[in-house]
Every structure is written in structure tokens, then in C-alpha cells.
Amino acid sequence: MFTGIITGVGRIADLHALGSSLDHGKRLIIEAPSAYLDDVGLGDSIALNGACMTVTSLDLPARRFSIDISAESLARTTGLGQAGTTVNLEKALRPQDRLGGHIVSGHVDGIGRVTHFGQVGESWELRVMAPPDLGKYLAYKGSITVNGVSLTVNRVADSTQGCEFSINLIPHTIENTALGTLRAGSAVNLEIDTVARYVERMLASGANFHKDPA
């Protein structure tokens, strides 16, 4: 479980294939910020660009850790298959932590495409086209996770291509996440709000919840 509040920006230092076929995944070596791994142990969960991964090895002097990612996960996410890529990092939520963003599972629901990224005053406007099947979960002032970052939706516009949503990024977010590297055309990992998922399920099946037993 995560909150979408990024705790560090890392870099994919290296990657290795776990087998010779397309059915095999990859082992990623992640370089973390100084002291970031001091409280991390083997088996801990760390979200990379919003995708929950398990720490499989640690090299504290080199500030590096490794994760194994399956071919299925690589196919359903973006930004995790190339060395040199910067990635947003978040350690798993602890019971005593503040819930500063919103409830995030670390399971990517779809890949969006940046349609616009530009500065407006002291902030930046980011517009992303989400896949059509995710549009029903997006709402004005609702929450969305983009590359692991908890953000508030400012505008939604449905079209035949999907649902374009707009968000505002303050300077702090640009400076402390990897979102500042995005450009028009960039692919991003999206996770919808967990609450929206349950609401949609209840609305879709609501009639059955009130039926008397036969």
C-alpha cells in the first residue's frame, strides 16, 4: 500500500534479461538517493513509477537495489525497460505514516499519453490522454496516480480517443519527482482511485444488492 507521495527519485542503472525468450522478465538495478536504502530490507516493497516491486538484493555502499519484473508487468507498464531512465520511488506505507496523498495500491491500470506539458505562471499544466475504459473513473477534483504521483484532476474531456484530463503541478512536485522530464508524447503509468473503482462496481451492480433472497 502506498500514498502517491514520492520519497525519492532514482535511476535505472542497469538491467539484465532473466531468460532468452520474450516470456522472461528482467532484473533491474536501481540507483537510489543517498541514505534512501538505510531502512530498507530484502523483500520490502518499493513502487517504481507507480508499480509495486519487491527488493531482491541490496548494495548499500553503492546505493543500489535490484528488483525482478516479469514480462507481463513490463508489457502493462511504461518507463521500466531502459537503462538510464529516472524513476519515482516510494516505500510502502507504514501504519504510523501520514496519508498525505490518497490510497494507492501500486497496480498500474493503464498507460496514458501526455498531450501537453507547459508552464503556466509559477506552475505547470500537464494534460494526459487516458485509455477509454479508464475515463469513467476520472472526475473533477478526483484523484489519479501518474507515474506513482498522487495528483488532483482539474478538468476532464471525453472523446473517441479516450479521456483527456488536466492536472496542475506546483514547483515542489517538479523539483522532487521525475515528472519534470515528461514531454508531449511521453507514456505514463496510471492508477485510478481505489474509491472510484468501488463506486463504479456498486453503481453497476446496485440493483442486485437490494434484492430479497429467493
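All figures in this text were calculated on a predicted structure; none of them were measured in a lab. (Residues numbered from 1 in each chain as written. Predicted model: local features only at pLDDT ≥ 70, side-chain atom pairs only at ≥ 80, totals over all residues. Heavy atoms only, no water.)

Caption draft 1: Spotlight on the overall build of the protein. Helix and strand content of the protein: 3 helices and 12 strands. The C-alpha atoms of the protein give a radius of gyration of 18 Å, which matches the 17 Å a tight globule of 214 residues would have. Along the longest, intermediate and shortest principal axes, the C-alpha atoms of the protein span 60 × 55 × 40 Å. The long-range share in the protein, meaning contacts at least 24 apart out of those at least 6 apart in sequence, stands at 68%. Placing the 18 positive and 22 negative side-chain charges of the protein at their respective mean positions leaves the two points 2 Å apart. (Helix = DSSP H or I, 4+ residues; strand = E, 2+ residues; numbered from the N terminus. Rg over C-alpha atoms; globule rule 2.2 N^0.38 Å. Contact = heavy atoms within 4.5 Å. Lys, Arg positive; Asp, Glu negative; His and termini not counted. Charge placed at Lys NZ, Arg CZ, Asp CG, Glu CD.)

Caption draft 2: Here's a closer look at the sheet that holds strand β2 (residues 26–31). Taken in spatial order, the 6 strands line up as β1-β2-β5-β4-β3-β6 and close into a barrel, and their pairing is antiparallel. Adjacent strand axes in the sheet meet at a mean angle of 45°, parallel and antiparallel pairs treated alike. Pairing geometry for strand β1 (residues 8–17) and β2, over 6 bridges, is antiparallel. Counterpart to I12 in the pairing with β2 is I30. (Pairing = 2+ DSSP bridges. Axes fitted to C-alpha atoms, helices over the stretch in contact; angles between N-to-C directions.)

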